[in-house]
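One-letter residues, chain by chain:
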Amino acid sequence: MAIVQRSDTTGRPAWRLPRLAGDRLPLLLVPALVLLALPLIGAFPAWITLTLAGLAMGMMIFIMASGLTLVFGLMDVLNFGHGAFISIGAFLATLVLLPLAAWMQADNIWMNLAAIALAIVVAMAGTGALGLVFERVIVRPVYGQHLKQILVTMGGLIIAEQMIHVLWGPQQIALPLPTGIRGAIVVGEVALERYRLFAVGVGLVVLIGMLLVLNRTRLGLLIRAGVENSEMVQALGYDIRRLFVLVFVAGSALAGLGGVMWGLYREVLVAGMGMEVMVLVFIVIIIGGLGSVWGCFIGALMVALLANYTGFLMPKVALGSNILLMVLILLWRPQGLYGGAKR
Amino acid sequence: MSDALLQLSGVHTHIGHYHILQGVDLVVPRGELTMLLGRNGAGKTTTLRTILGMWRASAGHIAFDGQEIAARATPEIARAGVAYVPENMGIFSGLTVRENILVAARAGAPEARRLQWVLGLFPALEKFWNLSAGALSGGQKQMLAIARAMIEPRKLLLIDEPTKGLAPAIIGNMIEAFRELKRTETTILLVEQNFRFASALGDHVAVMDDGRIVHAGAMAALAKDRDLQQRLLGLSLDSHQ
Ligand SMILES: Nc1ncnc2c1ncn2[C@@H]1O[C@H](COP(=O)(O)OP(=O)(O)OP(=O)(O)O)[C@@H](O)[C@H]1O
Ligand SMILES: [Mg+2]
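Read on for a plain summary of the structure. (Residues numbered from 1 in each chain as written. Chains lettered and ligands numbered in written order. Predicted model: local features only at pLDDT ≥ 70, side-chain atom pairs only at ≥ 80, totals over all residues. Heavy atoms only, no water.)

Here we take up the site of ligand 1. Residue and element names in this part refer to chain B. Around ligand 1, 14 residues are found, and the nearest of them are K44, T45, T46, E87 and Q193. Take K44: an N or O atom from its side chain is 2.8 Å from an oxygen atom of ligand 1. Taking E87, its side chain carries an N or O atom lying 2.6 Å from an oxygen atom of ligand 1. Surface burial for ligand 1 is 64%, taken as the share of its 640 Å² of free accessible area covered by protein chains. It is helix α1 (residues 44-51) that contributes the most residues to the shell around ligand 1, three residues altogether. Class assignment of the residues belonging to the shell around ligand 1 gives a composition of four nonpolar, six polar and four charged. (Near = heavy atom within 4 Å. Polar contact = N/O pair within 3.5 Å; in protein donor to acceptor, adjacent residues only side chain to side chain. Areas by Shrake-Rupley, 256 points an atom, 1.4 Å probe, with all protein chains shown as cover. Helix = DSSP H or I, 4+ residues; strand = E, 2+ residues; numbered from the N terminus. Nonpolar A, V, L, I, M, F, W, Y, C, P; charged D, E, K, R; others polar.)

So this is what it looks like as structure tokens:
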């Protein structure tokens, strides 16, 4: 398929980025939430710390959720097995990071980053390849059958978690942060944790990369069209299943990347860590609207910021606050923030 | 009929438990425009969807350009040279007008002369080139759907009720556009309710009722024969004229 190519031969105004389909209102939600939190929290340094923590967590959730929202959007496939790729990604990273402990402990940020980059490549390649198998063996036989999808993908998740126990043993695995991105940068009274800044950076790279692919390549054009009306994309002569396999593999690899980031954040790996975040991932996808990368991004930031703010202000209601947020957003927009694109 | 581009023989289609097409025999001659008429629910849309493999024929044969396509998947049939304008137009409303056209150009980008020609037929599209297609009016969306189907040469165009909901003046424009398209000798199978439109453009006509073809012949003959119109298409016909 020669679809990954720039096609701008019509001599018209070039693609604009980001393309928001004219609806910018939801974009204001994140700054509004951040500003609203300031008077409630009161102290400026605490507000900065919590906001950065929320943004970092939001970026990690976004990375984990972004592929899944396209999988939902493109083929209406309910993949509850997505959490497995998060856990597997984190465990695959240990194959690189534990042997490269010397690089991780080196007093050289470039060696630290090189070790992490290598771990990310291995994790993404591994989860991407597993995604290919998972799609073929587990998802494909149940296209169009939602109940079976839930059961079968849950089954896949359980098998994957058991495989982790078999391969890595039942005990937790420690995954310490490298020297260079441990600790905090202190500016006046404000402490900015280095790893959180790093996570925000990685999240932005993923966001920009996805927007570039979606808005500036032919593959992205087909994906956006397919999310809206997959039948018409087939009638135009494109094999939506091949497109879906690509998206599924990319989504699995992104889950693997999210798993590495999440594992380094926790610094301790357990087989069920992917499943733990899946509740948030599903909330984010529903808030954002199935199939919308922007919606997923905004939803992830909202959910994570809110979790951090309420965790500070009213720790008892932290998870409830996200359910409440989801309900409010669905009352405002029943399809989610950017759910209108899907029929 | 020696030179049929498309030929359906004894085609049956079931949707769920319903037996919708009950032995459709239809010949679509190459290079000409065949009108498919019939009252609501007769099975016209189902016929087009069956040709394109969106419903699987449960019995019968569909020959397209000498090949049996009844068992093929939709993308494969489309790539063999069939373009489709569905009843609901199938516009991607989140994409711009330009992107809607681009996505239909399987070569990657439309050929410049052809694009110029198509935009000449539907000037509104050029005006709203970078606008999101969801913002177009109903008539403009219909033009976009048709432009999209003809942006690259295809052997066969399947078009489902292009005049649905259009004002009479726009229908006039649409007739002009199809006349222009007919000059390229594209084979067209067009479903229609509007008899004025159908008789202005059709070379051949087939009339469906209850999942079968009940009449087939020259459009001109049917246009002249009021009694036959009455019998095949019923009284509702007068309201279209
Ligand atoms: N998805 C479906 N499920 C069940 N029945 C269907 C479905 N689609 C169409 N039908 C039935 O098949 C019959 C033929 O429908 P079809 O849409 O082909 O008619 P049509 O000739 O295109 O009518 P119209 O002029 O109203 O568009 C109708 O009785 C309709 O109710
Ligand atoms: Mg119809």
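Following the structure, the description resumes.
Our next topic: the packing of aromatic side chains. Throughout the structure, instances matching the rule amount to 15 aromatic pairs over all chains. Ring plane angle 85° and centroid distance 6.5 Å describe the contact between A:F85 and A:F248, whose orientation is recorded as edge-to-face. With A:F85 in helix α3 (residues 82-97) and A:F248 in helix α10 (residues 240-266), the pair connects residues that are 163 residues apart, well separated along the chain. Ring pairs connect the aromatic residues A:F85, A:F134, A:Y143, A:F244 and A:F248, which therefore count as one cluster. A cation over an aromatic ring shows up here: A:R333 above the ring of A:W332, its NZ or CZ 4.5 Å from the ring centre. One residue, B:R49, lies across the ring of B:W55, its end atom 4.7 Å from the ring centre. (Phe/Tyr/Trp six-rings, centres within 6.5 Å; stacked < 30°, edge-to-face > 60°. Lys NZ or Arg CZ within 6 Å of the ring centre and 35° of its normal.)

Residues and elements named next belong to chain B. Read from one edge of the open sheet, six strands run β6-β7-β8-β3-β9-β10, paired in mixed fashion. Taken across any chain shown, the strands that pair with only one partner, and hence form the sheet edges, are β6 (82-85) and β10 (212-218). The mean inter-strand angle of the sheet, taken between neighbouring strand axes irrespective of direction, is 15°. Running at roughly 150° to strand β7 (residues 156-160), α1 makes contact with β3 (33-38), β6, β7, β8 (187-191) and β9 (204-209) of the sheet. Taken strand by strand, helix α6 (residues 138-149) contacts β6 and β7, and its axis lies near 175° from that of β6. (Pairing = 2+ DSSP bridges. Axes fitted to C-alpha atoms, helices over the stretch in contact; angles between N-to-C directions. Contact = heavy atoms within 4.5 Å.)

Our focus in this paragraph is the nonpolar core. Counting 199 residues, the largest nonpolar core has A:F62, B:M35, B:F122 and B:F178 as the members making the most contacts within it. If sequence neighbours within four positions are ignored, A:F62 has contacts with A:G203, A:V206, A:L207, A:M210, A:V293, A:C296, A:F297 and A:A300. (Core = buried A, V, L, I, M, F, W, Y, C linked by side-chain atoms within 4.5 Å. Buried < 20%, exposed > 50% of the residue type's maximum accessible area, 1.4 Å probe, protein only.)

Attention now moves to the interface of chain B and chain A. Each partner contributes residues to the interface: chain B has 35 residues there, and chain A has 26 residues. In total, about 2600 Å² of surface goes out of reach between chain B and chain A, with carbon and sulfur atoms giving 55% of it. When the buried area of chain B at its contact with chain A is split by residue, B:F92, B:R98 and B:V103 rank highest and sum to 22% of it. The interface formed by chain B and chain A contains two salt bridges. One salt bridge in this structure joins A:R224 and B:E99, with 2.9 Å as the shortest N-O distance. Linking chain B to chain A there are ten residue pairs in polar contact (both at pLDDT 80 or more). Those elements that provide at least two residues to the side of chain B that touches chain A are α2 (74-79), β6, α3 (97-104) and α4 (112-121) of chain B. Of the residues forming the side of chain B that touches chain A, the biggest block, five residues, is contributed by α3(B). Here the residues of the side of chain B that touches chain A are counted per class, giving 20 nonpolar, eight polar and seven charged. (Buried area = accessible area lost by both parts, 1.4 Å probe. Salt bridge = Lys/Arg side-chain N within 4 Å of Asp/Glu carboxyl O.)

Turning to the pattern of salt bridges, a few remarks are in order. Residues and elements named next belong to chain B. If you walk through the whole model with that rule in mind, you get 16 salt bridges over all chains. R30 is the salt-bridge partner of D65, the closest N and O atoms lying 3.0 Å from each other. You can see D65 sitting in the loop between β4 (57-64) and β5 (67-68) and its partner R30 sitting in the loop between β2 (18-29) and β3, a full 35 residues away along the chain. A relative accessible area of 27% means that D65 is categorised as partly exposed. On the basis of relative accessible area, R30 is assigned to the partly exposed category, the value being 37%. Between R179 and E176 there is a salt bridge, with its nearest N and O atoms 3.4 Å apart.

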